[in-house]
Amino acid sequence: MAAQAAATTFNGNLKKALAGLRRINLEGLRWRVFDAKGQVLGRLASQISTVVQGKDKPTYAPNRDDGDMCIVINAKDVCVTGRKLTDKVYYWHTGYIGHLKERTLKDQMAKDPTEVIRKAVLRMLPRNKLRDDRDRKLRIFADSEHPFGDRPLEPYVMPPRNVREMRPRARRALIRAQKKAEEQEQGGSQRKGRKREAKTEIAA
C-alpha cells in the first residue's frame, strides 16, 4: 500500500523510474539520497560513483557488486564551473557516414538534465561486467519528487569543499593594488590639506 501511495504521488515516468528493480538484490542495501541542488557536477558524480561501487564500505571488493542504491534529486539544479555550459560538448555517432552528432552541455540540460549526471557517473566507473548492475542502482530525477518514499531513505551529506587559498602571485597583486589605493587616498587628502593652507595664507 505504501509503495502504491508513493507511486501515485509521483508525476514523472513511473515505468522508467522502476525499470530493472527486480534484477537487483535489494537485501541489505541502503537507499542513499543525493540532493544535486547547487552541487558541482564532477564532485557530485565522484561521490555517487564511490557509493554505487561500495567503496565506502569495509567489505569492498573489486569483483563484487556491494554498492548501495543511489537516488539523485534536483538534477536540473546541478552547477558547473567555468564555461563548461557552452564549452563542454557531447559527441555520438549514428552509424551512418558523416553523421557525427554533437550537443553542448547547456542544450543537454534543457533536453534531459538526468542524462548529464548519468554520463558523468558512468564514465567514472570501471568498464567491466558490473557496470550495468551499478547503472541499475542509480536513479536520477530532475525534480525533488521520486517514487521511493516508502523506502528507508538516508540523505547523503556531501563532504565540505576545501577551497584552495589564493595563489601567491595573485595575493601579491592584490596587496599591491590595496597599497596603491591607500596611497592614492592619502595623497588626495594631503593635496586637499595643502590647498586649504594656501587659501588661508592668501586670505590672511
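Here's what I pulled together on the structure shown here. From a predicted model like this one, the values you see are computed outputs, not experimental measurements.

Conventions adopted
- Per chain, the residues get numbers from 1 upward, laid out in the order the sequence is written.
- Predicted model: local features are reported for residues with pLDDT of at least 70 only, side-chain atom pairs are reported and counted for 80 or more only, and whole-chain, interface and lining totals are derived from all residues.
- To obtain the side-chain values, all non-hydrogen atoms of the structure were included, while hydrogens and water were left out.
- Remark: exposure states derive from per-residue accessible area (1.4 Å probe, protein chains only) relative to the maximum for the residue type, with buried under 20%, exposed over 50%, and partly exposed in between.
- Per the convention used, a helix needs a DSSP run of H or I reaching at least four residues, while a strand needs a run of E reaching at least two, with both numbered from the N terminus.
- One bridge is not enough; two strands pair if DSSP finds at least two bridges between them.
- A crossover gets the label right-handed when its path from the first strand over the helix to the second runs clockwise, viewed with the strands pointing away from the viewer.
- Between N-to-C directions, angles span 0 to 180 degrees; the directions come from axes that are lines fitted to C-alpha atoms, helices contributing only their stretch in contact.
- Roughly parallel means an angle under 35 degrees; roughly antiparallel means over 145; roughly perpendicular covers 65 to 115; every other angle is labelled oblique.
- In a left-handed crossing the near helix is turned counterclockwise from the far helix by less than a right angle, and in a right-handed crossing that turn is clockwise.
- By definition, residues are in contact when any of their heavy atoms lie within 4.5 Å.
- When residues are grouped by polarity, Ala, Val, Leu, Ile, Met, Phe, Trp, Tyr, Cys and Pro land in nonpolar, Asp, Glu, Lys and Arg in charged, and all others, Gly among them, in polar.
- How far a helix is expected to stretch is found by multiplying one less than its residue total by 1.5 Å.
- Side-chain atoms within 4.5 Å link the members of a nonpolar core, which is a set of buried Ala, Val, Leu, Ile, Met, Phe, Trp, Tyr and Cys residues.

Describing the pairing of strand 2 (residues 69-73)
Here strand 2 lies mainly inside the structure; 5 of its 5 residues are buried. Side chains of strand 2 alternate between two faces, with Met69, Ile71 and Ile73 and Cys70 and Val72 buried alike. Relative to strand 2, strand 1 (residues 31-35) runs parallel, the two being bridged by 5 bridges. Note on strand 2: the bridge partner recorded for Phe34 is Val72. Crossover handedness for the path strand 1 to helix 3 (residues 41-53) to strand 2: right-handed. Across 3 bridges, strand 2 lies against strand 5 (residues 138-140) in parallel orientation. Paired with Cys70 across the bridge in strand 5 is Leu138.

As for unusual backbone geometry
With a phi close to 55°, Asn74 is a non-glycine residue in the positive phi region. With respect to the element layout, Asn74 can be found in the loop between strand 2 and helix 4 (84-87).

Description of the packing of helix 3 against helix 6 (residues 113-122)
One way to put it is that helix 3 packs onto helix 6 with a least axis distance of 9 Å and a crossing angle of 60°. Comparing their axes, helix 6 and helix 3 come out oblique. In this structure, helix 3 meets helix 6 at a crossing whose hand is right-handed. On helix 6, the residues that touch Leu41, Leu44, Ala45, Ile48 and Ser49 of helix 3 are Val116, Ile117, Ala120 and Val121. Of the residues contributing to the contact of helix 3 with helix 6, the split by class is 8 nonpolar, 1 polar and no charged.

Some points on helix 3
Helix length check: helix 3, at 13 residues, gives a terminal C-alpha distance of 18 Å against a target of 18 Å (1.5 Å per residue), a fit within 8%. Turning to helix 3, its buried residues are Leu41, Leu44, Ala45, Gln47, Ile48, Ser49, Val51, Val52 and Gln53. Two residues or fewer past helix 3, Gly54 is found with a positive phi of approximately 80°.

Some remarks on the nonpolar core
Generally speaking, nonpolar side chains in soluble globular proteins are found buried as a group. Formed by 23 residues in total, the largest nonpolar core has its most connected members in Phe34, Leu44, Ile48, Cys70, Val72, Ile117 and Leu138. At the level of secondary structure, the elements contributing two or more residues to this core comprise helix 3, strand 2, helix 5 (105-111), helix 6 and strand 5. Per element, the largest residue contribution to this core is 6 residues, and it comes from helix 3. Discounting chain neighbours no more than four positions away, the residues touching Ile117 are Ala36, Leu41, Leu44, Ile48, Val72, Ala75 and Ile140.

Some details on the pairing of strand 3 (residues 89-93)
For strand 3 and strand 4 (residues 100-104), the ladder comprises 5 bridges, and the chain directions are antiparallel. Among the inter-strand pairings, His93 is bridged to a residue of strand 4, identified as Leu100. The loop that links strand 3 with its antiparallel partner strand 4 comprises 6 residues; one of these, Gly95, has a positive phi angle of about 105°.

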